[in-house]
Amino acid sequence: MSLSNASDSVDVFIAGGGPAGLAAAIAAAQRGFSVMVADAARPPIDKACGEGIMPEGVEVLGALGVELSAMGAARLEGICFLDAAGEVRASFPRGTGLGVRRTALHGALVARAERMGVRLAWGTRVEAIRQGEAVAGGSTVRCRFVVCADGLNSSLRQMAGFGPAKARRRRFGFRSHYRVPPWSPYVEVYWGEFGQIYITPVSTGEICVALLTSNPHARLETVLLAFPCLRERLLGAGEDARGDERRMGGITATSRLRAVTSGRIAVIGDASGSADAITGDGLSLAFQQAIALADAMAAGAPNKPVFGLLGRDELDGYQRAHERISRLPRAMGELLLLLDGRPRLRRRVFSVFAQSPELFARLLALHTGGISPLDLGAVDCLRFGWKLLGA
Ligand SMILES: Cc1cc2nc3c(=O)[nH]c(=O)nc-3n(C[C@H](O)[C@H](O)[C@H](O)COP(=O)(O)OP(=O)(O)OC[C@H]3O[C@@H](n4cnc5c(N)ncnc54)[C@H](O)[C@@H]3O)c2cc1C
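Residues numbered from 1 in each chain as written. Predicted model: local features only at pLDDT ≥ 70, side-chain atom pairs only at ≥ 80, totals over all residues. Heavy atoms only, no water.

1. Remarks on the packing of helix α9 (residues 343-355) against helix α10 (residues 357-367)
And then number 1: Relative to each other, α9 and α10 sit at 105°, their axes nearing to 4 Å. When the axis of α9 is compared with that of α10, the two are roughly perpendicular. Between α9 and α10, the contacting residues are Val352, Phe353, Ala354 and Gln355 on the first element and Pro357, Leu359, Phe360 and Leu363 on the second.
And then number 2: Classifying every residue of the contact of α9 with α10 by side-chain character gives seven nonpolar, one polar and no charged. (Axes fitted to C-alpha atoms, helices over the stretch in contact; angles between N-to-C directions. Helix = DSSP H or I, 4+ residues; strand = E, 2+ residues; numbered from the N terminus. Parallel < 35°, antiparallel > 145°, perpendicular 65-115°, else oblique. Contact = heavy atoms within 4.5 Å. Nonpolar A, V, L, I, M, F, W, Y, C, P; charged D, E, K, R; others polar.)

The following block contains the structure:
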C-alpha cells in the first residue's frame with residue numbers, strides 16, 4: 001500500500017516496520033486502534049542478528065497472536081558458555097526460547113499485522129514526525145499517537161526532541177548462516193579475547209553464527225582458530241554448508257534515553273535505548289515494550305479529543321513500564337561486558353560457574369525473568385563472592 005491511497009488519518013502512526021514497530025502495531029490493533037506502519041525498506045526485512053528470542057519474548061509473541069509454528073523455528077532450551085578451558089550450561093527455568101531467521105520472524109509479524117487490519121506502507125521513508133502528525137512518502141498523516149520505531153540510529157527521535165541516546169559502548173556484529181543440523185538445543189556462546197561467537201539453531205537444518213566484537217577488523221575464520229572443534233564443524237562442513245545469502249554486519253550498543261515519551265509521541269525498540277547484543281534480549285524487550293505501549297495508549301485515549309490538546313501525562317504508564325522492562329537487561333549487559341574486557345576475571349568467574357553450575361542457572365533465571373533480583377538474595381551473592389575469591 002502507498003500512502004496516496006491510504007486514508008489520511010489513523011489513531012496510531014508507526015515509523016519503522018522492524019520487529020518493534022510491527023509488534024507495537026499488532027498490540028495497538030488488538031486494543032481497537034486503527035494503525036498505519038511506514039518503513040523505508042520492503043519485506044521481508046533482514047538484519048544482522050543472533051536470531052535467538054528469549055522465553056519472555058516468545059510468550060509475548062504468543063499473546064500478540066503471531067504464528068510461531070509457521071516460522072519453522074528451533075526450540076532453544078537454555079544457554080551454554082564456553083571458553084578455551086571448558087563450558088557451563090543452564091536450562092531456561094520457565095518456557096523455551098526460539099531460534100528463527102530474521103526474515104521468517106519478519107514475515108510472521110507482517111502476516112499477523114495484515115490479519116489485524118494494520119495498514120502497511122513499505123518503501124516509504126518517514127520524513128518528519130510531530131505531535132499529531134507524520135510526514136511519510138511526501139504525504140501528511142494525522143494521528144492521535146506517533147510511535148518512533150526506526151532502530152538504533154533513529155533520526156526521528158531527535159527530530160521529535162528526544163535528543164541523542166547516551167551510548168556507552170559500541171561493538172560490531174557479523175552474522176552468517178550454515179546449513180548444518182544443530183548439534184545442541186542450547187545457544188552456545190564462545191568467549192575469547194576477540195569477543196563472543198553465538199551459535200543459535202534456527203531450524204532443523206540450519207544454524208546462525210554471530211560474531212560480537214569490539215574490533216571492526218575481526219573475522220570469523222580467524223577467531224575460530226581459538227576453537228578447533230567449532231572450526232571443524234563450521235569450516236569442515238565445506239563451502240556448501242555456507243548459507244545462501246551474503247554475510248551481514250551491524251552495530252550493537254548499550255544506550256539510553258532520558259525519556260521515551262513526549263506528549264503523544266513514544267519511542268520503542270532499539271530507538272528507545274538498547275542493551276548490548278550480548279544479552280540476546282533486544283527482540284524480547286521490544287515485544288514487551290509493545291504491549292506496555294499499547295496498554296498505555298488504551299488507558300490514556302478513550303475520553304480525550306482525537307487531535308486536540310495534549311494531556312501532559314498521557315503515556316506516562318509506558319514511560320514507567322519501559323524503565324521496569326529495560327532495567328535488568330541493561331544491568332546484565334553491563335555485567336557481561338565487564339567479563340568481555342577482562343579475560344582473567346572471566347576465567348575466574350567461569351571456573352566458579354563450572355564448580356557450581358547452580359549459580360549459573362540462578363543467574364540465567366534472573367536474566368530471563370524466571371526469578372526476581374530479590375529471589376537471588378544475599379546468600380547467592382555471598383557464595384559467588386566467596387568462590388570467586390578462591391578461584
Ligand atoms: C549482531 C547483533 C546480534 C543480535 N542478536 C540478537 C539476538 O540474538 N536476540 C535478540 O533478541 N536481539 C538481538 N539483537 C538485537 C536486535 O536485533 C534488535 O534489538 C532489534 O532488531 C530491534 O528491532 P527494532 O524494530 O527496534 O529496530 P530495527 O530492526 O533496526 O528496525 C528499524 C526499522 O526502521 C526502519 N526505518 C529506519 N528509519 C526509517 C525512516 N526514516 N522511515 C521509515 N522507516 C525507517 C528500518 O528500515 C527498519 O526496518 C542483535 C543485534 C545485533 C546488531
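2. Some details on the side chain of Thr213
And then number 1: Its place among the elements puts Thr213 in strand β15 (residues 206-213).
And then number 2: Exposure remark for Thr213: the relative accessible area of 0% places this residue in the buried category.
And then number 3: Of note is the side chain of Thr213, whose polar atom sits 2.8 Å from the backbone oxygen of Phe194.
And then number 4: Dropping the residues within four chain positions of it, Thr213 is found in contact with Arg171, Phe172, Phe174, Phe194 and Ala218. (Buried < 20%, exposed > 50% of the residue type's maximum accessible area, 1.4 Å probe, protein only. Polar contact = N/O pair within 3.5 Å; in protein donor to acceptor, adjacent residues only side chain to side chain.)

3. As for helix α2 (residues 55-63)
And then number 1: The set of residues buried in α2 consists of Pro55, Gly57, Val58, Val60 and Leu61.
And then number 2: Each element contacted by the buried residues of α2 is listed here: β3 (52-53), β7 (97-99), α3 (102-115) and α7 (282-300).
And then number 3: Note on α2: the residue one or two positions beyond its end, Gly65, has a positive phi of about 80°.

4. So, the sheet that holds β3
And then number 1: Reading across the sheet, the three strands line up as β3-β7-β4 and stay open at both edges, with antiparallel pairing between neighbours. Edge positions in the sheet fall to β3 and β4 (74-76), since each of these pairs with one other strand and no more. (Pairing = 2+ DSSP bridges.)

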